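Analysis of the macromolecular model
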Amino acid sequence: MSEIKQDKQPKLQPQGQQQQKKKFESPKREAILDLAKYKDCQVRVKLMGGRLVVGVLKGYDQLMNLVLDETIEYMKDTNDEVSKDKTRSLGFTVIRGNILASISPMEGSEIIYMQTSD
């Protein structure tokens, strides 16, 4: 019977291949914009579909998911327009970033974020 000898030593890869592995590691995602200066401030958030909510910004992430506290939703009237008279309290709310249309602070007129159609 013939014996088959196997090489137990690990095979070394050329340096170029080792560097390629490092190149394909995904970089840490940065936030689209910095909402830190609006944290604990009241913000107005317009959502896809025309909904409008106002709340205190408590947190956010790089995907623009928002955490709002003391959130109030302004309901639409029969003319499909937002009414300041009809509201409902939502309290502590998480809003997914993919349904945001715009974000702006309640004080001032600056628009922090506005989604554009591609």
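Criteria and cut-off values
- Residues numbered from 1 in each chain as written.
- Predicted model: local features only at pLDDT ≥ 70, side-chain atom pairs only at ≥ 80, totals over all residues.
- Heavy atoms only, no water.
- Helix = DSSP H or I, 4+ residues; strand = E, 2+ residues; numbered from the N terminus.
- Buried < 20%, exposed > 50% of the residue type's maximum accessible area, 1.4 Å probe, protein only.
- Pairing = 2+ DSSP bridges.
- Core = buried A, V, L, I, M, F, W, Y, C linked by side-chain atoms within 4.5 Å.
- Salt bridge = Lys/Arg side-chain N within 4 Å of Asp/Glu carboxyl O.
- Polar contact = N/O pair within 3.5 Å; in protein donor to acceptor, adjacent residues only side chain to side chain.
- Contact = heavy atoms within 4.5 Å.

**Let's talk about unusual backbone geometry**
- Residue Asp-40 is not a glycine yet carries a positive backbone phi of 65°.
- Mapped onto the elements, Asp-40 comes out in the loop between helix H1 (15-23) and strand E1 (42-47).

**Considerations on the pairing of strand E5 (residues 100-105)**
- A large share of E5 lies buried, amounting to five of its six residues.
- Bridging between E1 and E5 involves five bridges; their strand directions are antiparallel. Across the sheet, residue Val-45 finds its bridge partner in E5, namely Ile-103.

**Examining the nonpolar core**
- Val-45, Leu-66, Ile-95, Leu-100 and Ile-103 are the most contacted members of the largest nonpolar core, which has 15 residues in total.
- At the level of secondary structure, the elements contributing two or more residues to this core comprise E1, strand E2 (52-60), strand E3 (66-76) and E5.
- Top element by residues in this core is E1. It accounts for three residues.

**Describing the pattern of salt bridges**
- Overall, the coordinates contain three salt bridges when judged by the stated rule.
- Here Glu-73 and Arg-88 are joined by a salt bridge, their closest N and O atoms 2.7 Å apart. Of this pair, Glu-73 sits in strand E3 while Arg-88 is found in strand E4 (residues 82-95), placing the two residues 15 residues apart along the sequence.
- A single salt-bridge network, built from bridges that share partners, covers Arg-51, Glu-73 and Arg-88.

**Considering the side chain of Glu-73**
- Residue Glu-73 is classed as buried on the basis of its relative accessible area, which comes to 5%.
- Side chain to side chain, Glu-73 and Arg-88 meet in a polar contact 2.7 Å long.
- With residues near it in sequence (within four places) discarded, Glu-73 still touches Arg-51, Leu-52, Val-53, Lys-86, Thr-87, Arg-88 and Leu-90.

**Let's talk about the environment of Met-48**
- For Met-48, the position within the fold is in the loop between E1 and E2.
- We classify Met-48 as partly exposed; its relative accessible area is 41%.
- Taking the C-alpha atoms as reference points, Met-48 and Ala-101, separated by 53 residues in sequence, lie 5.6 Å from one another.
- In this view, Met-48 contacts Asn-98, Ile-99, Leu-100, Ala-101 and Gln-115; residues no more than four positions away in its chain are not counted.

**A few points about the pairing of E1**
- Burial along E1 is one-sided: Val-43, Val-45 and Leu-47 are buried, and none of Gln-42, Arg-44 and Lys-46, which face the opposite way, are.
- Sheet analysis places E1 next to E2, joined by five bridges and oriented antiparallel. From the neighbouring strand, Lys-46 faces E2, where its bridge partner is Leu-52.

These values are about where atoms sit, not about what they do.
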